Amino acid sequence: MFQELFNKIKAFDTIIIHRHKNPDGDALGSQIGLKHILSENFPVKTVYAVGDGAGHYGFMDGSTMDEIPDAVYENALAIVLDTSAGHLISDGRYATAKSTARMDHHIFVEKLCDTEVTDTSYESCCGLVTDFALQCGLRLSPASAKALYTGMVTDSGRFRYDSTSAKTFRLASALMEQNFDLNDIYRKLYADDFQKIRLKAQFVLKIKFTDCNVAYIYTTAEELEELNVDTFTVSRGMVGTMADIKGVDIWVNFTETEQGVLCELRSSKYNINPIAVRYGGGGHAKASGATVANKEIAMQMLSDLDALTKE
C-alpha cells in the first residue's frame, strides 16, 4: 500500500506537507510527525509543513508552520494528510506542486492527489503515518513519536472510540519505544484551568434534546463574542460535554461564526457521516463535521439526525 508513496518521497528533494484547515491533534500530529520522520531519515531533503495556525494545539513542538514562496512548489512533492475533501485543505497551493500525494483515514469523498493512500481501518492519520514509517523501514525518533502519539490519543478519544483496534495498540506500542514524556502530553491535552471548567459547566446547562433524544447545543455569534474564547474551544471543545449522557446516541454542537455555522456531529451508535457529507462536510462514521450557511440549515441537519434514529 505504501510503496508508490515511498518511491515518490525518495525521488523528490523538496517535500511540502499539508493538512486540513482548523487542525485538530491528529492533523497536526501527523503533519509534524511526518516532517520529523522525513527530515531525520533524509537529511539532504528540504521538508516544509504549511497551513493555518495550530490554535488549541499550539503546545505541540513544531506546530509553527513554515512560510514559503509559490516558487518552491514548482519542483516539489506536496503531501496532504488527514483530509477527505479538497475545500478542506489548508493552503490550496498543494495543487501547483510537480507531484501530489495524500494519506488519509477518513471515509473516501473524492480523489485529491496523483497518489492516494487512504484506509479507514486506522483510528487516526497518525496511526497511518506510523505504519508507513514502520513498513518502509524508516527510523522513528522521540520527536516524531511524541507528535504521532498525541494525534493517536486525540483521534481515538484516549483509546475509547470503537475505531480503536488491536492495530492501534500495536502502533502505539511501537511509538512508546521512543523516549518521550507521556504525562507531558496528557497534561497539555486535558488539564484545564478553572475558567475552562466553568465554561464546560455553562455548556452543560445549554444542552437541549429533540423528540428523538438527539442532544444539541447552539451558540450564536453574539454568545460566542461574549464568551471571549477562541472558536475551537467552543465548537470542537464543547461537543464532548454531551458524549456520556445515558440514552443519547447522537449529539451535535452548532457554533455561529463569520464563516457560517460550524457543526460537530458525533454518535455512539449511528453512521452520521452521510448527513455531514450531504451538508458539504465529511469525516468518520461516528465523528464528522460540516459548515453550513445559517441556523435554518443547521436545524434542518438536526431534523435529519432525528430521522436517522427512526431508520
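Preceding block: the structure.
Structure report, in brief. All values reported here derive from a predicted model rather than from experimental measurement.

1. A short note on the packing of aromatic side chains
Note on aromatic pairs: each is described by the distance of the centres and the angle between the planes. Overall, the coordinates contain ten aromatic pairs when judged by the stated rule. With a centroid separation of 5.6 Å and 70° between ring planes, the pair formed by phenylalanine 2 and phenylalanine 132 is classed as edge-to-face. Taken together, the residues span a long stretch of sequence, with phenylalanine 2 in the segment before α1 (3-11) and phenylalanine 132 in helix α3 (residues 125-135) at a distance of 130 residues. Considered together, phenylalanine 2 and phenylalanine 132 belong to a single accessibility category, that of buried residues. Of the aromatic side chains, those joined through ring pairs into one cluster are Phe2, Phe6, Phe42 and Phe132. A cation over an aromatic ring shows up here: lysine 45 above the ring of phenylalanine 42, its NZ or CZ 5.3 Å from the ring centre.

2. What to know about the sheet that holds strand β6 (residues 208-209)
What the six strands build is an open sheet, ordered β6-β7-β8-β9-β11-β10; its pairing is mixed. Each edge of the open sheet is held by one strand with a lone partner, namely β6 and β10 (282-283). Bridge analysis of β6 against strand β7 (residues 215-219) gives two bridges, and the strand direction is antiparallel. Within β7, the position partnered with phenylalanine 209 by the bridge is alanine 215. Across the sheet, helix α9 (residues 231-238) is in contact with β7, β8 (250-257) and β9 (260-267); its angle to β8 comes to roughly 165°.

3. Remarks on the nonpolar core
Ranked by size, the top nonpolar core spans 49 residues in total, and within it Ile9, Met103 and Phe132 carry the most contacts. Dropping the residues within four chain positions of it, isoleucine 9 is found in contact with Ile15, Leu38, Phe42, Lys45, Leu77, Ile79 and Phe132. Val252, Phe254, Cys263 and Leu305 belong to the second-largest nonpolar core, a separate cluster that totals 21 residues.

4. Looking at the pairing of β8
Burial of β8 is extensive: eight of the eight residues sit out of reach of the surface. Where β7 lies against β8, five bridges are found, and the strand directions are parallel. Bridge assignment links threonine 219 to a residue of β8, and that residue is threonine 255. Note: β8 against β9, eight bridges, orientation antiparallel. Following the sheet pairing, phenylalanine 254 is matched in β9 by cysteine 263. Counting the residues that bridge the hairpin from β8 to β9 gives two residues.

5. So, the packing of helix α4 (residues 142-155) against helix α6 (residues 182-190)
At a minimum axis distance of 11 Å, the contact between α4 and α6 shows a crossing angle of 45°. In terms of orientation, α4 and α6 fall into the oblique class. As for the relative orientation of α4 and α6, their crossing is right-handed in sense. Between α4 and α6, the contacting residues are Lys146, Tyr149, Thr150, Val153 and Thr154 on the first element and Leu182, Asp184, Ile185, Tyr186, Leu189 and Tyr190 on the second. When grouped by side-chain class, the residues that make up the contact of α4 with α6 number seven nonpolar, two polar and two charged.

Criteria and cut-off values
All residue numbers here refer to positions counted from 1 along the written sequence of the relevant chain. It should be noted that, the model being predicted, local features are given only for residues of pLDDT at least 70 and side-chain atom pairs only at 80 or more, the latter also being counted only at that level, while totals for whole chains, interfaces and linings use all residues. Where side-chain values are given, they derive from all heavy atoms of the structure, hydrogens and water being excluded. Aromatic rings from Phe, Tyr and Trp, with only the six-membered ring used for Trp, were paired whenever their centres fell within 6.5 Å, and each pair was classed as stacked if the ring planes differed by under 30 degrees, edge-to-face if by over 60, and tilted otherwise. Only DSSP runs of H or I covering at least 4 residues are called helices, and only runs of E covering at least 2 are called strands; the numbering of each starts at the N terminus. The rule is simple: take the accessible area with a 1.4 Å probe, protein chains only, and divide by the maximum for that residue type; under 20% is buried, over 50% is exposed, in between is partly exposed. Look at NZ for Lys and CZ for Arg. If either is within 6 Å of the ring centre and within 35 degrees of the ring normal, a charge sits over the ring. Here, a strand pair is defined by DSSP locating no fewer than two bridges between the strands. Two residues form a contact once any of their heavy atoms are found within 4.5 Å. Every axis corresponds to a line fitted to the C-alpha atoms, with the helix fit spanning only the stretch in contact, and the corresponding angles, defined between N-to-C directions, vary from 0 to 180 degrees. Put simply, buried Ala, Val, Leu, Ile, Met, Phe, Trp, Tyr and Cys residues joined by side-chain atoms within 4.5 Å make one nonpolar core. We call two directions roughly parallel when the angle between them is under 35 degrees, roughly antiparallel when it is over 145, roughly perpendicular when it lies between 65 and 115, and oblique otherwise. For any pair of crossing helices, the crossing counts as left-handed if the nearer helix is rotated counterclockwise from the farther one by less than a right angle, and right-handed if it is rotated clockwise. Classes in brief: Ala, Val, Leu, Ile, Met, Phe, Trp, Tyr, Cys and Pro nonpolar; Asp, Glu, Lys and Arg charged; the others, Gly included, polar.

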